[in-house]
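So you can see what is in the structure, the chains are spelled out below.
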Amino acid sequence: MSNQTERKIEIAMVGLDLTEMDDYILKYTRMICDHLKFQKIFFVHIAKDLELPEEIRSKYPDLLAPLDESIEGDIRKKVRKYFEGCGAELDVIIQEGSPIQKMLKLSKIKGVDLMIMGRKKSLKGSGIVASHIARNSPCSLLLVTPNGYSDINKILVPLDFSPHSLLSIHQALDIVGGDHSKIVLAHIYSVPQGHTKIGKSYAEFSEIMKGHAESEYYGFMKKNQLPDGIPCHYLLDGFGKGVDSVYELAQKEAADLIVVGSKGRTNASAIFLGSFAEKLAYKDNNIPVFIVKDKGENLGFLQALLRI
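Residues numbered from 1 in each chain as written. Predicted model: local features only at pLDDT ≥ 70, side-chain atom pairs only at ≥ 80, totals over all residues. Heavy atoms only, no water.

Caption draft 1: Up close: the side chain of Asp 160. With respect to the helices and strands, Asp 160 occurs in the loop between strand 6 (155-158) and helix 6 (163-175). Among the polar contacts made by the side chain of Asp 160, one reaches the side chain of Ser 165 at a distance of 2.8 Å. (Helix = DSSP H or I, 4+ residues; strand = E, 2+ residues; numbered from the N terminus. Polar contact = N/O pair within 3.5 Å; in protein donor to acceptor, adjacent residues only side chain to side chain.)

Caption draft 2: Representation of the environment of Phe 290 in the model. Inspection of the secondary structure puts Phe 290 in strand 10 (residues 289-292). Sequence-wise, Phe 290 and Val 259 are 31 residues apart; in three dimensions their C-alpha atoms are separated by 4.6 Å. Setting aside anything within four residues of it in sequence, one finds Phe 290 in contact with Ile 9, Leu 36, Leu 114, Ser 140, Leu 141, Leu 142, Gln 171, Ile 175, Leu 257, Ile 258, Val 259 and Val 260. (Contact = heavy atoms within 4.5 Å.)

Caption draft 3: Quick peek at the confidence of the model for the chain. Taken over all residues, the pLDDT of the chain has a mean of 81, while the share at 70 or more is 76%. Taken as a whole, residues 264-273 scores under 50 in pLDDT and shows 34 contacts with residues more than four places along the chain or in a different chain. (pLDDT = per-residue confidence, 0-100.)

Caption draft 4: Representation of unusual backbone geometry. Of note in the backbone geometry, Leu 18 takes a positive phi value of approximately 65° without being a glycine. With respect to the secondary-structure elements, Leu 18 resides in the loop between strand 1 (11-15) and helix 1 (21-36). The class of Leu 18 is partly exposed, set by a relative accessible area of 43%. (Buried < 20%, exposed > 50% of the residue type's maximum accessible area, 1.4 Å probe, protein only.)

Caption draft 5: How the structure looks around the packing of aromatic side chains. With the rule as written, the count across this model stands at 4 aromatic pairs. A ring pair is formed by Phe 161 and Phe 220, whose centres lie 5.7 Å apart and whose planes are at 55°; its orientation type is tilted. Of the two residues, Phe 161 is situated in the loop between strand 6 and helix 6 and Phe 220 in helix 7 (residues 202-223); the sequence distance between them amounts to 59 residues. For the pair Phe 161 and Phe 220, a shared accessibility class is recorded, and that class is buried. With 5.0 Å between their ring centres and 65° between their planes, Tyr 217 and Tyr 218 make a pair best called edge-to-face. Members of the aromatic cluster, each reached through a chain of ring pairs, are Tyr 217, Tyr 218 and Tyr 234. (Phe/Tyr/Trp six-rings, centres within 6.5 Å; stacked < 30°, edge-to-face > 60°.)

Caption draft 6: Quick peek at the pairing of strand 6. Along strand 6, one buried face is formed by Ile 155 and Val 157 and the opposite face, lined by Leu 156 and Pro 158, is buried too. With 4 bridges connecting them, strand 6 and strand 7 (residues 183-189) associate as parallel partners. Across the sheet, Pro 158 pairs through a bridge with Ala 186, a residue of strand 7. For the crossover that starts at strand 6, traverses helix 6 and ends in the parallel strand 7, the hand is right-handed. Relative to strand 9 (residues 257-261), strand 6 runs parallel, the two sharing 2 bridges. Each residue of the ladder has a partner; that of Ile 155, found in strand 9, is Leu 257. (Pairing = 2+ DSSP bridges. Right-handed = clockwise from strand over helix to strand, strands pointing away.)

Caption draft 7: A look at the side chain of Asp 256. Along the chain, Asp 256 turns up in the loop between helix 8 (242-252) and strand 9. In this structure Asp 256 is buried but unpaired, with Lys 154 as the nearest side chain of opposite charge at 8.0 Å. Among the polar contacts listed, one links the side chain of Asp 256 to the backbone nitrogen of Asn 153, at a separation of 2.6 Å. Those residues in contact with Asp 256, other than ones at most four positions away along the chain, are Tyr 28, Tyr 149, Asp 151, Ile 152, Asn 153, Lys 154, Ile 287 and Pro 288. (Lys, Arg positive; Asp, Glu negative; His and termini not counted. Salt bridge = Lys/Arg side-chain N within 4 Å of Asp/Glu carboxyl O.)

Caption draft 8: Highlighting the sheet that holds strand 8 (residues 232-236). If you walk across this open sheet you meet the 10 strands as 3-2-1-4-5-10-9-6-7-8, and the pairing is mixed. The outermost strands of the open sheet, each flanked by one partner alone, are strand 3 (89-96) and strand 8. Averaged over all adjacent pairs, the angle separating strand axes in this sheet is 20°, with direction ignored. Across the sheet, helix 6 touches strand 6, strand 7, strand 9 and strand 10, and the angle it forms with strand 9 is around 150°. (Axes fitted to C-alpha atoms, helices over the stretch in contact; angles between N-to-C directions.)

Structure representation (structure tokens):
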């Protein structure tokens, strides 16, 4: 794994779909830009078809400007409104085709560190697109919700003590400028099947697993020289409701953002962070999700995609 803990996010790519959601995405992107100090931001719209139908062109001959130029003009106007004086280089890209494939290709071609997209609860299928991007993106992904957050005062980080969890904690610390009082951790643990065979009840083995998780937490924090005083909540995943438990904790803690690693190790006491992050992307909720990736892990997939 590359040492992403020392690499800053410099290049962001923002997906826009010309709906009211764009304003929420742009506002949130500007806010997160103030935290992370992007050097360059690409604002991207992927249209299914940029050609005006013949009937429309015949009926309205004054529509001379190509549709892509018209869209670009509208987006640039909005970008100027929100990003004047942000310090980052700004660019607008309009392309035609499949939104998922085009966004993934552009993220590789442009060397993007972070993709920013909207997630609309009311839009059928939006979760599917988000989860697909989350699974296949070669870079980190931020999913914005229409909730109007104006700043980030508390971040919840689910962790399983894997290297990807370490990336997530460092990313969260970077967002809040190193102020670890704004971070809370959560570990999901479970009781393995067959505990009755060794004469232990579910409740008894639950306490054993929790104690093991607490020991791992202290070892993990010490080994990686992480700040003392970041609290960790231990959530029992009794019925496969780990994602729900994380969201409930985030609401209880008034978290403004959930930061999660894209992958983790796979044992009985760990979050399966690959699928876990994907479930967070798919889940309808009003808390933004930042999925942290070790940039380049999915480059094999992207190399194949670039040949399509």
